[in-house]
Amino acid sequence: MNSTDQNDRQDISPGRRDFLTASMLLAAMTLVSGNVTAAGRAARARKLEMPMRQLGALRVSAIGLGCMNVAWGFAPPIPKPDAIRLIQDAYEHGVTYFDSAEVYGPYISEDYVGAALKPVRDKVVIASKFGFDIDSAGQIRGLNSRPEHIRTVVEASLKRLDTDVIDLLYQHRVDPNVPIEDVAGVVKQLIQEGKVKHFGLSEAGAATIRRAHAEQPLAAVQNEYSIWSRDPEGEVLPVCEELGIGLVAWGPLGKGYLTGRIPASATFAKGIDLRATMPRFTHEAMIANRSVIALLERVAERHGVLPGQIALAWLLARKPWIVPIPGTTKIAHLRENVAAVQVKLTAKDVEDIDTGYASLNIVGERSAEAVMGLIDIGARAGTSSVGGHGISPLRQTSSAN
C-alpha cells in the first residue's frame, strides 16, 4: 500500500467503525454536496464556515491544504485534472492556505497549485519553499540556500505557480553553510521587489528563528507537529508566541497513521513512499503505537467523529495561531479534514488526550535518521539551541588591520 488514501482497513471493531463512518457521512451530507466549478465560486455560498487565523500579519483559513501528496512523497503524482479538482474543492470548502514547494515532484506540485488556483488567485494564500539543490534530472543533491540560488528558485516557482508574487516563502531546511541573516536578507529584497509578501522557516529552532526574525520578520514557522510528534513544544512554540509568529503544523495526521486507516500489516513502496524509511512505519512500531489511535478513538466517540478529526481539533485547540495543513489525494478525505474545524474539544477532552498521551511510549523516530539530520538544533526533540546559534553559521566579520 503506497498511500494513506489507499489504506481503508481499520484495526478497530466493525461496529465502532460503522458508527464513526455513518456519523461522518451524515455530517458530510450536511456540509458538502456536489462539486462547484471555479467559474461558479463567486456566486455560491461556502458550505462550511471556516474560521480564520493569523500567521504573523498573514490571515489564512484555520486548516490549510498541504499540496505535497498530490505530487510526491507517498505515491506517484496523481493526474493533473484530479489534483486540480481536489485543490479547487478545498477552496470551495473554505481553505485559503495552500502549501507547496519546488521539491515536491520536483516541481509538479507547484504546477498543479498554480493551475488550480488561477481562477481565484486574489482570494487565496500560496506558500512555497526553496532550500534544496536539485539537479537537471530532478535528483536532490543536498541543501542550497545561497542568495543567488534563492533568486533562481523564486523566478522558476513564480512561473510554475503562474503568479507574480508568492504570498509566503519558506526556507525548506536550514542550510548549515549559509548564515540565516544572508537568507533572510535576500528574501527581504524579494519582498521589497514585490515578488514575495511574507517570509517563513521550516524545521527551524529558536536561535535560528530569532536571528532570521531580526533581519526580516517571519510570518510563520512550519515544523512537524501532531499528537505523536511534539518536538515544537520544547522551544519553538514559546519563541513563536513571544515574537508573534504563526506555527504551520505539517504532518498533523502523523503521515496518515493518526487517521487509524493504516493497518499494522501495511507495506510501503521503497523509492516511492517516504514512510518505507521511517522507523514509526515498521510493522513492529505500528503495532506498538496502536495505543495512540485508541486514545483518539475514545474522544472521537464522544463527538461522533473520526480519530483524524480529533487529531486536527487538538492542534486547533493548542494555540489560536497554529494552522495544520493535512494533505490528501482524495476529496472525501479532504472534506473530513476540513470538517474538523467544527469539532470543539472541551477542556476535559484536551486533558484526557494530554494525560493519556503522557502515559504512552511512542516507538520509532518520526523520520529516517538522514532526514532528521537536516533538522535545526532546537527543532528536534532532545536538542536545545539555548546559548547557541543553531545549525546556520554565524556571519564572518572582518577585523580591521
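Since the structure is predicted, the reported quantities are computational estimates derived from the model, not experimental observations.

Caption draft 1: Expanded view of the overall build of the chain. When its secondary structure is counted, the chain shows 13 helices and 12 strands. Within the chain, buried positions represent 58% of all 401 residues. Taking as baseline every contact in the chain between residues at least 6 positions apart, the subset at least 24 positions apart corresponds to 77%. When the accessible area of the chain is evaluated, it comes to approximately 16,000 Å², of which 54% is carbon and sulfur surface.

Caption draft 2: The arrangement of the packing of helix 3 (residues 108-117) against helix 4 (residues 147-161) in detail. Put simply, helix 3 and helix 4 touch, their axes get as near as 7 Å, and they point 45° apart. Classified by the angle their axes make, helix 3 and helix 4 are oblique. Every residue of helix 4 that contacts helix 3 at E110, D111, V113 and G114 is listed here: S157, R160 and L161. Here the residues of the contact of helix 3 with helix 4 sort into 2 nonpolar, 2 polar and 3 charged.

Caption draft 3: Focus on the sheet that holds strand 11 (residues 246-250). Taken in spatial order, the 8 strands of this open sheet run 3-4-5-8-9-10-11-12, and their pairing is parallel. Each end of this open sheet is capped by a strand with a single partner; those strands are strand 3 (65-66) and strand 12 (322-324). The pairing of strand 5 (residues 125-130) with strand 8 (residues 166-171) spans 4 bridges and is parallel. Bridged to K129 within strand 8 is Y170. Across the sheet, helix 10 (residues 307-318) lies against strand 11 and strand 12, angled at about 165° from strand 12, the strand it touches most.

Caption draft 4: Structural context of the pairing of strand 10 (residues 218-224). Taking burial as the measure, the 7 residues of strand 10 include 7 buried ones, the bulk of the element. As paired elements, strand 9 (residues 196-202) and strand 10 share 4 bridges and run parallel to each other. Paired with F199 across the two strands is L218, which belongs to strand 10. Assessed by its sense of winding, the connection that carries the chain from strand 9 through helix 6 (residues 206-215) to strand 10 is right-handed. Sheet topology note: the strand 10/strand 11 ladder contains 5 bridges and is parallel. Looking across to strand 11, one finds that A220 is bridged to G246.

Caption draft 5: Region of the structure containing the packing of helix 10 against helix 12 (residues 347-358). It is the contact of helix 10 with helix 12, at a shortest axis distance of 11 Å, that shows an interaxial angle of 105°. Taken together, the axes of helix 10 and helix 12 are roughly perpendicular relative to one another. Of the residues in helix 12, those touching helix 10 at I310, W314, A317 and R318 are V350, I353 and D354. Along the lines of polarity and charge, the residues of the contact of helix 10 with helix 12 split into 5 nonpolar, no polar and 2 charged.

Caption draft 6: Quick peek at the pattern of salt bridges. Under the defined criterion, the tally for this structure stands at 32 salt bridges. A salt bridge links R160 to E110, with the shortest nitrogen-to-oxygen separation between them at 2.7 Å. Remark: E110 occurs in helix 3 and R160 occurs in helix 4; sequence separation between them is 50 residues. As far as the burial class goes, R160 and E110 line up, both buried. A salt bridge links D122 to K123, with the nearest nitrogen and oxygen atoms 3.6 Å apart. Three or more residues are tied together by salt bridges with common partners; here these are E203, E224, D231, K255 and R366.

Caption draft 7: Region of interest: unusual backbone geometry. That bond from G105 to P106 is cis: its omega, -10°, falls within 30 degrees of zero. Structurally, the position occupied by P106 is in the loop between strand 4 (97-99) and helix 3. A positive phi angle is found at Y107, which is not glycine, with a value near 80°. Summarising the element assignment, Y107 is placed in the loop between strand 4 and helix 3.

Caption draft 8: A look at helix 2 (residues 80-92). Under the 1.5 Å per step criterion, the end-to-end length of helix 2 is 18 Å for 13 residues, consistent within 8% with the ideal 18 Å. Those residues of helix 2 that fall on the buried side of the exposure criterion are A83, I84, L86, I87, Q88, D89, A90, Y91 and E92. Those residues of helix 2 that are buried lie in contact with strand 3, strand 4, helix 3 and helix 11 (331-338). In the stretch just after helix 2, G94 is the one whose phi turns positive, near 105°.

Caption draft 9: Representation of the nonpolar core. Counting 94 residues, the largest nonpolar core has F98, I209, L247 and I310 as the members making the most contacts within it. Among the elements that line this core, the one with the most residues is helix 10, at 7 residues. Apart from residues lying up to four places away in sequence, I310 is in contact with L296, V299, A300, H303, V305, V343, L345 and I353. Within the second largest apolar cluster, 13 residues are counted, among which are L168, Y170, A219 and V248.

Thresholds applied
For every chain, the first residue of the written sequence is number 1, and numbering continues from 1 along that sequence. It should be noted that, the model being predicted, local features are given only for residues of pLDDT at least 70 and side-chain atom pairs only at 80 or more, the latter also being counted only at that level, while totals for whole chains, interfaces and linings use all residues. No hydrogens and no water enter the side-chain calculation; it runs on all heavy atoms of the structure. To qualify as a helix, a DSSP run of H or I must reach at least 4 residues; to qualify as a strand, a run of E must reach at least 2; elements of each kind are numbered from the N terminus. Categorising residues by exposure relies on relative accessible area from a 1.4 Å probe, with only protein chains included: less than 20% of the type maximum marks a residue as buried, more than 50% marks it as exposed, and the intermediate range marks it as partly exposed. What makes two residues a contact is simply this: any of their non-hydrogen atoms within 4.5 Å. Surface exposure here means Shrake-Rupley accessible area, sampled with a 1.4 Å probe, where a residue is shielded only by the protein chains that are shown. Every angle, taken between N-to-C directions, lies between 0 and 180 degrees, and every axis is a line fitted to C-alpha atoms, over only the stretch in contact when it is a helix. Note that the term roughly parallel is reserved for angles under 35 degrees, roughly antiparallel for angles over 145, roughly perpendicular for angles of 65 to 115, and oblique for everything else. For this scheme, ten residues count as nonpolar: Ala, Val, Leu, Ile, Met, Phe, Trp, Tyr, Cys and Pro. Four count as charged, namely Asp, Glu, Lys and Arg, and the remainder, Gly too, count as polar. Only when DSSP finds a minimum of two bridges between them are two strands counted as paired. Clockwise travel from the first strand over the helix to the second, with the strands pointing away from the viewer, marks a crossover as right-handed. Salt bridge, as applied in this entry: a Lys or Arg side-chain nitrogen positioned within 4 Å of an Asp or Glu carboxyl oxygen. Here a helix's expected span is defined as the number of its residues, less one, multiplied by 1.5 Å. For the purposes of this section, nonpolar cores are sets of buried Ala, Val, Leu, Ile, Met, Phe, Trp, Tyr and Cys residues that join through side-chain atoms within 4.5 Å.

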